[in-house]
Amino acid sequence: MAVRYFIKASQYFDSVALMNATRDVQALPGIEDAALVMGTEANKRLLARVAPLTPEAQATSSTDLVMMVKGDGAALDQALAMAEALLTKQPGQTAMAGKRRPRTLRSAVREHPDSNVAVISVAGMYAAAEARSALDRGLHVLLFSDNVSLEDEIALKRRAVEDDLLLMGPGAGTAILNGAALGFANVVPRGPVGIVSAAGTGLQEVSTLLAKQGVGISQGIGVGGRDLSDAVGGMMMLHALEALQADPATTVIVAISKLPSPAVVDKVLARLDAGDKPAVVIFMSAEPVLPSPAGDKVYPAATLHEAALAAATLAHGGDGSTVKAQLADRMRGLQIRAKALAARLSTEQKYVRGLFSGGTLCEEAMRLWGERLGDVWSNAPFKPEFKLPDSNRSRQHCALDLGEEEFTVGRPHPMIDNDLRIRRLLQEARDPHVAVIQMDIVLGYGAHPDPAGELAPAILRAGELAADHGGDLLVVTALTGADGDPQNLARQSAALAAAGALVMGSNADASQLTALIVTVDS
Amino acid sequence: MPEVTNSPSNRLSEFFDKPVAVVNVGLPLFAESVRRQGLPVVDVDWRPPPEGVPRLTHTKTGISMDEANAEAVRRIMAGRPMIVGLGLARDVIPGMTDRTILHAGPPIAWERMCGPTRGAVMGALVYEGLTATPEEAAALAASGDIAFDPCHHHHAVGPMAGVVSPSMPVWIIENAEFGNRAYCTLNEGLGKVLRYGAYGDEVYRRLRWMADVLYPTLADAVAKSGPIDLRAMIAQALHMGDECHNRNRAGTALLLRALGPALARTCADGERLAQVIEFIDGNDHFFLNLSMPAGKAMLEPAEGIPGATVLTVMARNGTDFGIRLAGDPGRWFVAPAGMVEGLYLPGFTAADANPDIGDSTVTETAGFGGFAMAAAPAIARFVGGTAQDAISATLEMYEICFAEHQFFTIPALEFRGTPVGIDVRLVTETGILPRLNTGIAHKEPGIGMVGAGVLRAPGACFAAAFEAVKSW
């Protein structure tokens, strides 16, 4: 056992730095004890207990560094070198990089008092408490989480309305507030149309269709799929409509809901009627809910596409009377196209299949198909008797909402991950009775970064599988996207077209075309 | 909670066209897309609350806990602790008798006392002249003839063992806002000292000098200078690199500066004056025994507010760690004291260390000490080494505190107020335990200080307190 002292005269180190370095030196192999101290009388007394002081060590003062190591002779030099290195070492970059994130919404708002919107997507059982905490702090809330109880939803919305805040959700995937795209939302220009929607992809579809016509939106407010139920009573839609009616930047209002309660529809119409701005409503269910009388200011649309056309017309100062003519024109074009496409089908190919990522888009397709094809099977049908006994096996005309929980448990949503849809596409392509497969492809923030990049090769492969049994499979797609979206709308469209898919401008057009292809000759 | 109210500008009628600033709670994807739009977003590092932990907002009688806590922290921050004088413990501390020994932390009998507390008790009994030797002192302590009581039961606080015996001089701190007083002994310095459990001639000699020379000199000076504002002094020290628990260098300097003229005017004996100044100058922790009773004096007025879930006491006796809540100030919630993650003086290791000990956590309870680590980068090595680590330590404590201090601010955080008012609900919900700075005593009686370090308060006493709050 050897002891070595090493003195550095006139080098001051903080005692905590020294104790820290001491600990590291003590941990070296072959070292029994070590001490790095300033040469104060007290420290020298402590050192002397461990190992007798050398004369040089004895002579030090409180401004001299004394290093002592005790252990195997061979290890001592290394230990002294390490001690010196430890004391002169600069803190690494990594320490600064590890910036702490706040652990709670409460402290996030304290640290950033200018925060005004909370996006909440934690598991449903915790979501209501987080939403309440956000409302307590005066934040608007986009509540993406599902599985929030109806009681909580009602209480939260009541509270939000009292405080003049937005409580968007639960289950609200989309909002565009003051130009900021939140959740699943597209990069659309700002403009005069204010949208309130109880259907997330409905909001995306209408806002992007408006953008394609060069019309921007003022606000896009999702309110959650249950808002227009009897229980919730349209609380948040009515609140948002009132705000848009008062908003000088909004000149046209669009209200979207699926499966609304008739009593709530009446309240919404009354609210729109009481305002002085023209409005478009689209209420989707098995049959289009065309309110009547809708009042002078309210244009009732049957599809999301029609809603966007009407809103654009109204935004340009028109009165909506030209919209039906536009739609009729489009329909003639679709019929001509359908006829040409139908000629490519074999006599065996007679069914259509829909593989949807957006629930609202799936419902819109089912309704439009239903007008021409009769009842449509689905995992989420309008009529319970047409619920697929096994969602993994399609029947006849069949539309699947792949965003339903049965498909998404334990895997990402089909807007984020294409695997499920690709597997199902190939499965359907192997069915010789399938004529047309329709898919919605939703772009924008939140969605997959390059859906066409993955779907296009799968569409080619689907065509090959169909060709194996002598069919010419038609794939009809609709892109819900805007020029500004991160995925690049034009490139997505080109990639799909290059794979032989038909790329339609709207979900309604795609659905009409799909249904027309299998009915045009009959 | 009431500390943040809905600013009218955020109401929907005023919100349109304001820039959006997002707080994201959940999927990081949504934060990322906001960031890509060039908009401000805070991505919360969210974790689910522990199972079975409800969000408590009101007592059964309908008292709002937030409102109660707001009143509690208002009182804590409004307190103006002033040095008003010095006196002998037996003369000034309420309930002190000639056979009373006060100690740090929650109540404890001699049989369960740790080594350093026993050592300090033995040393104090010899110092008081009640026995001649430490061995006799131990026998006397065990006889039941000595009344042991926590400092906290007598408006006092004591660092480490926290032993106060009748003839020891103490600081008298008066809260000018509420009129309550708090008491603390004078700091002996580091090393072989009574509060770290050391005894022996060196210890007694120093204590006697403190009683015979230091005490009267300081008492005269304070009488001359008039009350000295400790809240202002702590606030300044926090701007000078102290957190006023493990670092008191600036506070000690400020005190000496404040007392300097009065000392010079009242102490005619130049050599005596020089000794006093040397003693204070040679002890970087001299101010600790003022920052502590200042904290105590500020905290006590918050005691007894029904429904208040913030802590007014957090203290250790080297065996147990105890806390008390403002809403139920008579009740201790205790758990075993933890081991300190420490840095050691030469010749000592973790094997020598006693569990966490002392009332000095009154500093963290009052919104400084370890909670103001960001103010004290010089001792950042206790918490990881970098100034950023020190800042992170303080930022974390905001998560469990009800408020931010109005008067104690941190330059490195853009003069944000220190975290104050440890809320047992927030501790339980987040699972974040208070960070404490502390010295380390040798586990055997009679030896003294072996190091210093940091640790977290034990979770069990917070869990017990939360259970109790549930039934309020």
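What counts as what
- Residues numbered from 1 in each chain as written.
- Chains lettered and ligands numbered in written order.
- Predicted model: local features only at pLDDT ≥ 70, side-chain atom pairs only at ≥ 80, totals over all residues.
- Helix = DSSP H or I, 4+ residues; strand = E, 2+ residues; numbered from the N terminus.
- Rg over C-alpha atoms; globule rule 2.2 N^0.38 Å.
- Contact = placed C-beta atoms within 7 Å.
- Pairing = 2+ DSSP bridges.
- Axes fitted to C-alpha atoms, helices over the stretch in contact; angles between N-to-C directions.
- Core = buried A, V, L, I, M, F, W, Y, C linked by C-beta atoms within 7 Å.
- Buried ≥ 20, exposed ≤ 12 C-beta atoms within 10 Å, placed from the backbone.
- Parallel < 35°, antiparallel > 145°, perpendicular 65-115°, else oblique.
- Left-handed = near helix turned anticlockwise from the far one by under 90°.
- Nonpolar A, V, L, I, M, F, W, Y, C, P; charged D, E, K, R; others polar.
- Domains from an automatic or database assignment.
- pLDDT = per-residue confidence, 0-100.
- Expected span 1.5 Å × (residues − 1).

## Let's talk about the overall build of chain B
Inference 1: A tally of helices and strands in chain B yields 15 helices and 17 strands.
Inference 2: Over its C-alpha trace chain B gives a radius of gyration of 23 Å, about what one expects of a compact globule, namely 23 Å for 472 residues.
Inference 3: When the backbone C-alpha atoms are referred to their principal axes, chain B occupies close to 75 × 50 × 45 Å.
Inference 4: A separation threshold of at least 6 residues defines the contact pool for chain B, and within that pool the share at least 24 residues apart is 70%.

## A short note on the sheet that holds strand β1 (residues 22-25) of chain B
Inference 1: A sheet is described by the order of its strands in space; here five strands give the open sequence β6(A)-β5(A)-β4(A)-β1(B)-β2(B), paired in parallel fashion. At either end of the open sheet lies a strand with only one pairing partner, and these are β6 (167-168) of chain A together with β2 (41-43) of chain B.
Inference 2: Pairing between strand β4 (residues 117-120) of chain A and β1(B): four bridges, direction parallel. Residue pairing in the sheet places A:Val117 in a bridge with B:Val22 of β1(B).
Inference 3: Sheet strands in contact with helix α2 (residues 28-36) of chain B are β4 of chain A together with β1 and β2 of chain B, and its direction is about 160° off that of β2(B).

## Concerning the sheet that holds strand β3 (residues 81-88) of chain B
Inference 1: Read across the open sheet, the four strands follow the order β7-β6-β3-β8 (chain B); overall the sheet is antiparallel. Both edges of this open sheet fall to β7 (181-185) and β8 (228-229) of chain B, since each of them pairs with a single strand only.

## Here we look at the interface of chain A and chain B
Inference 1: The interface of chain A with chain B comprises 63 residues on the first partner and 57 residues on the second.
Inference 2: Ranked by the residues each element gives to the side of chain A that touches chain B, the list is headed by helix α2 (residues 41-50) of chain A, at six residues.

## Notes on the nonpolar core
Inference 1: Ranked by size, the top nonpolar core spans 174 residues in total, and within it B:Val170, B:Trp171 and B:Ala372 carry the most contacts.
Inference 2: Not counting residues within four places of it along the chain, the set of residues in contact with B:Val170 comprises B:Leu86, B:Gly87, B:Ala89, B:Val92, B:Ile93, B:Val164, B:Tyr183, B:Cys184 and B:Thr185.
Inference 3: One finds A:Val268, A:Val298, A:Trp377 and A:Leu455 within the second-largest nonpolar core, a separate group that totals 162 residues.

## Looking at the environment of B:Leu86
All names here are of chain B.
Inference 1: Looking at the element boundaries, Leu86 is found in strand β3.
Inference 2: Spatially, the C-alpha atoms of Leu86 and Met397 are 34 Å apart, while their sequence positions differ by 311 residues.
Inference 3: With residues up to four places along the chain from it excluded, the contact list for Leu86 reads Pro169, Val170, Trp171, Ile172, Tyr215, Leu218, Ala219 and Val222.

## Section: the packing of helix α13 (residues 323-342) of chain A against helix α19 (residues 507-517) of chain A
All names here are of chain A.
Inference 1: Where α13 contacts α19, the axes come no closer than 8 Å and their chain directions differ by 45°. On the basis of the axis angle, α13 is oblique to α19. As α13 runs across α19, the sense of the crossing is right-handed. Between α13 and α19, the residues in contact are Arg330, Met331, Leu334, Gln335, Arg337, Ala338, Leu341 and Ala342 and Asp509, Gln512, Leu513, Leu516 and Ile517, respectively.
Inference 2: Of the residues assigned to the contact of α13 with α19, the class counts are eight nonpolar, two polar and three charged.

## Re the domain arrangement of chain A
Residue and element names in this part refer to chain A.
Inference 1: Taken domain by domain, chain A consists of domain 1 (2-94), domain 2 (110-321) and domain 3 (329-517).
Inference 2: With 24 residues of domain 2 in contact, the opposing surface of domain 3 contributes 27 residues.
Inference 3: Of all the elements in the fold, those that place two or more residues in the side of domain 2 that touches domain 3 are β8 (180-183), α9 (200-212) and α12 (304-315).
Inference 4: Among the elements that line the side of domain 2 that touches domain 3, the one with the most residues is α9, at nine residues.
Inference 5: The residue inventory of the side of domain 2 that touches domain 3, partitioned by class, reads eleven nonpolar, ten polar and three charged.

## Things to note about the environment of A:Val232
All names here are of chain A.
Inference 1: Along the chain, Val232 turns up in the loop between β10 (217-222) and α10 (235-246).
Inference 2: Each C-alpha atom, one on Val232 and one on Lys157, is 8.4 Å from the other, the two residues being 75 residues apart in sequence.
Inference 3: If sequence neighbours within four positions are ignored, Val232 has contacts with Glu153, Ile154, Lys157, Arg226 and Asp227.

## Details of the confidence of the model for chain B
Inference 1: Averaged over chain B, the pLDDT score is 94; the fraction of residues at 70 or greater is 98%.
Inference 2: Note on residues 1-8 of chain B: pLDDT under 50 across the span, and 15 contacts to partners over four residues away in sequence or across chains.

## Thoughts on helix α14 (residues 359-373) of chain A
Structural remark: α-helix, 3.6 residues per turn; residues separated by three or four positions point the same way.
Inference 1: In this model, α14(A) (15 residues) spans 20 Å end to end at C-alpha, consistent with the 21 Å of a helix rising 1.5 Å per residue.
Inference 2: Residue A:Gly374 follows α14(A) closely and has a positive phi angle near 80°.

## Re the pairing of strand β7 (residues 174-177) of chain A
All names here are of chain A.
Inference 1: Of the two faces of β7, both are covered, the one formed by Thr174 and Ile176 as well as the one formed by Ala175 and Leu177.
Inference 2: By the bridge criterion, four bridges tie β7 to β8 in an arrangement that is antiparallel. Pairing of Leu177 across the sheet is with Ala180, part of β8.
Inference 3: Hairpin connection, β7 to β8: the antiparallel pair is bridged by two residues, and Asn178 has positive phi, about 50°.
Inference 4: In this structure, β7 lies alongside β10, joined through two bridges in antiparallel fashion.

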